[in-house]
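Observations on the three-dimensional arrangement
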Amino acid sequence: MKKTDVSHKPGDIIEFAGSKFVVLDILDPYKDVPEGHGYIDNGPDLFILSLESQGKSRFGDSNNYAESELRRRTDAWMDDLLAHGVDPDLIRTRTLDLTTMDGHGKYGELTVKAAPLTMDEARKYADIIPNCDDACWLATGWGGLENYGASSALSVSTNGVWGSYLCTYTYGVRPALIISNLLLPYEEFDLSGISTKKLMEELLKRAEE
């Protein structure tokens, strides 16, 4: 089956929902999306990162992102995004590995629609992530429970240098998320791989918003 081609590539800057984002990756939903999510076949998705921070937050009372103020602040940003007309079904979920820098794995995994990058994601895309005007949190804790650094988490400074900082400090919130290519203007894509029925369903859905 022919999939929709996207005109973007990693490193491109795009505008989405009134803000600018850098494209980190082009994801194939047949390979990169867990089974059972029931996603519309729109072809490749975009993994994007906010170009600037979307507000500021403490990390929280601990370095477990799943229970953090940082997560609540990021979720509130996503809720605001959806309240302004973005179809939630066209924002993909992603699974965060919350293993800390010292290998503590008891925080497990967390499935979200938006979150700061983890350390592993930030390292993977380090060569194409632009520096931010604010120092921003990552979603990764420094040390595991009852170990050295258990009260600290990773943050990235304005010059791109990573560091460990107390979770009670306040830094920027820089969300990353995976979006369907249909969230961008249609003229940016080759739509020949999408059925007329699916296009009509999407147009009708948008007309009703």
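Residues numbered from 1 in each chain as written. Predicted model: local features only at pLDDT ≥ 70, side-chain atom pairs only at ≥ 80, totals over all residues. Heavy atoms only, no water.

Structural notes on the overall build of the protein chain
For the record, the criterion: Only DSSP runs of H or I reaching four residues or more are called helices, and only runs of E reaching two or more are called strands; each is numbered from the N terminus. In this description, contact between two residues means that some pair of their heavy atoms is separated by no more than 4.5 Å. Every accessible area reported is derived by Shrake-Rupley at a probe size of 1.4 Å, with residue values counting cover from the shown protein chains alone.
Each helix and strand counted, the protein chain has four helices and 14 strands in total. A separation of at least 24 residues holds for 64% of the contacts in the protein chain among residues at least 6 apart in sequence. Accessible area of the protein chain: about 10400 Å², with a carbon and sulfur share of 50%.

Comments concerning the packing of aromatic side chains
A ring pair, where both rings are aromatic, is described by two values, the distance of the centres and the angle of the planes. The condition is simple: Whether two aromatic rings pair depends on their centres lying within 6.5 Å, for rings of Phe, Tyr and Trp, where Trp uses its six-membered ring; planes under 30 degrees apart make the pair stacked, over 60 edge-to-face, and the rest tilted. Relative accessibility decides the category of a residue: with a 1.4 Å probe and only protein chains considered, values under 20% of the type maximum give buried, values over 50% give exposed, and everything between is partly exposed.
In the structure shown here, the tally under the stated rule is eight aromatic pairs. Seen from their ring centres, Tyr 169 and Tyr 171 are 6.4 Å apart, and the 65° between their planes marks the pair as edge-to-face. In this structure Tyr 171 comes out as buried when scored by relative accessible area, which is 16%.

Regarding the environment of Val 22
When you line up the elements, Val 22 lands in strand β3 (residues 19–27). Taking the relative accessible area as the measure of exposure, Val 22 reaches 0% and is therefore buried. With 108 residues separating them in the primary sequence, Val 22 and Pro 130 have C-alpha atoms 7.8 Å apart.

A word on the confidence of the model for the protein chain
Short version of the rule: Known as pLDDT, the predictor's per-residue confidence is scaled from 0 to 100.
Put simply, the protein chain has an average pLDDT of 85, and 77% of its residues get 70 or more. Segment residues 35–40 is flagged for pLDDT under 50; beyond a separation of four residues in sequence, or across chains, it makes seven contacts in the model. Per-residue pLDDT stays below 50 along residues 186–191; that stretch engages in 18 contacts with residues further than four places along the chain or on separate chains.

Some remarks on helix α2 (residues 69–83)
Going by this rule: Here, expected helix span is obtained from the residue count minus one, scaled by 1.5 Å.
Compared with an ideal rise of 1.5 Å per residue, which puts 15 residues at 21 Å, α2 spans 21 Å between its outermost C-alpha atoms and is within 8% of the ideal. Turning to α2, the residues buried within the fold contact β2 (13–16), β3, β5 (56–58), β6 (91–92), β9 (136–141) and β13 (176–179).

So, the sheet that holds β13
What counts here: We treat two strands as partners when DSSP finds at least two bridges between them.
Taken in spatial order, the five strands make up an open sheet running β2-β3-β4-β13-β6, and their pairing is antiparallel. The open sheet has two edge strands with one neighbour each: β2 and β6. Both β3 and strand β4 (residues 45–50) contribute to a ladder of six bridges, which runs antiparallel. Its bridge partner being in β4, Phe 21 is matched across the sheet by Ser 50.

Looking at the layout of surface pockets
Rules: In this analysis a 1.4 Å probe is tested at points of a 1 Å grid over the protein atoms alone, and where it fits but cannot get out there is a cavity; an open set with protein on both sides within 12 Å along at least five of seven lines is a pocket; lining residues have an atom within 4 Å of a point. Grid points are joined across faces, edges and corners, and a volume is the space filled by probe spheres set on the points. Basically, the charged four are Asp, Glu, Lys and Arg, the nonpolar ten are Ala, Val, Leu, Ile, Met, Phe, Trp, Tyr, Cys and Pro, and anything else, Gly included, counts as polar.
Taken as a whole, the second largest pocket holds about 240 Å³ of empty space. Every residue lining the second largest pocket is counted, 17 residues in all, and those nearest its centre are Ala 122, Ile 129, Val 156, Trp 162 and Arg 174. Sort the elements by how many residues they give to the lining of the second largest pocket and β9 lands first, with three residues. For the lining of the second largest pocket, the class distribution of residues is 12 nonpolar, three polar and two charged.

As for the pattern of salt bridges
Let me state the cut-off plainly: Salt bridges are identified by distance alone: a Lys or Arg side-chain nitrogen within 4 Å of an Asp or Glu carboxyl oxygen.
Counted according to the given criterion, the structure contains seven salt bridges. With its nearest N and O atoms 2.8 Å apart, the salt bridge here joins Asp 61 to Arg 58. Accessibility expressed as a relative area gives 74% for Asp 61, which makes it exposed. The residue Arg 94 makes a salt bridge to Glu 121 at a minimum N-O spacing of 3.0 Å. Remark: Glu 121 occurs in helix α3 (residues 119–124) and Arg 94 occurs in strand β7 (residues 94–97); sequence separation between them is 27 residues. The buried category is assigned to Arg 94, whose relative accessible area is 6%. The class of Glu 121 is buried, set by a relative accessible area of 15%. Connected through salt bridges with shared partners, the residues Arg 58, Asp 61 and Glu 69 form a single ionic network.

Details of the state of the cysteines
Going by this rule: In this description, a disulfide is simply a cysteine sulfur pair whose atoms lie within 2.5 Å.
Summed over the entire model, instances satisfying the criterion amount to zero disulfides. Looking at the unpaired Cys 132, the closest cysteine sulfur is the one in Cys 136, lying at 3.8 Å. Overall, Cys 136 belongs to the buried group, its relative accessible area being 4%.

Comments concerning the pairing of strand β11 (residues 162–166)
Sheet topology note: the strand β10 (residues 152–156)/β11 ladder contains five bridges and is antiparallel. By the bridge assignment for β11, Val 156 is matched with Trp 162. Where β10 folds back on β11, the antiparallel hairpin that results is connected by five residues, among which Gly 160 adopts a positive phi of roughly 85°.

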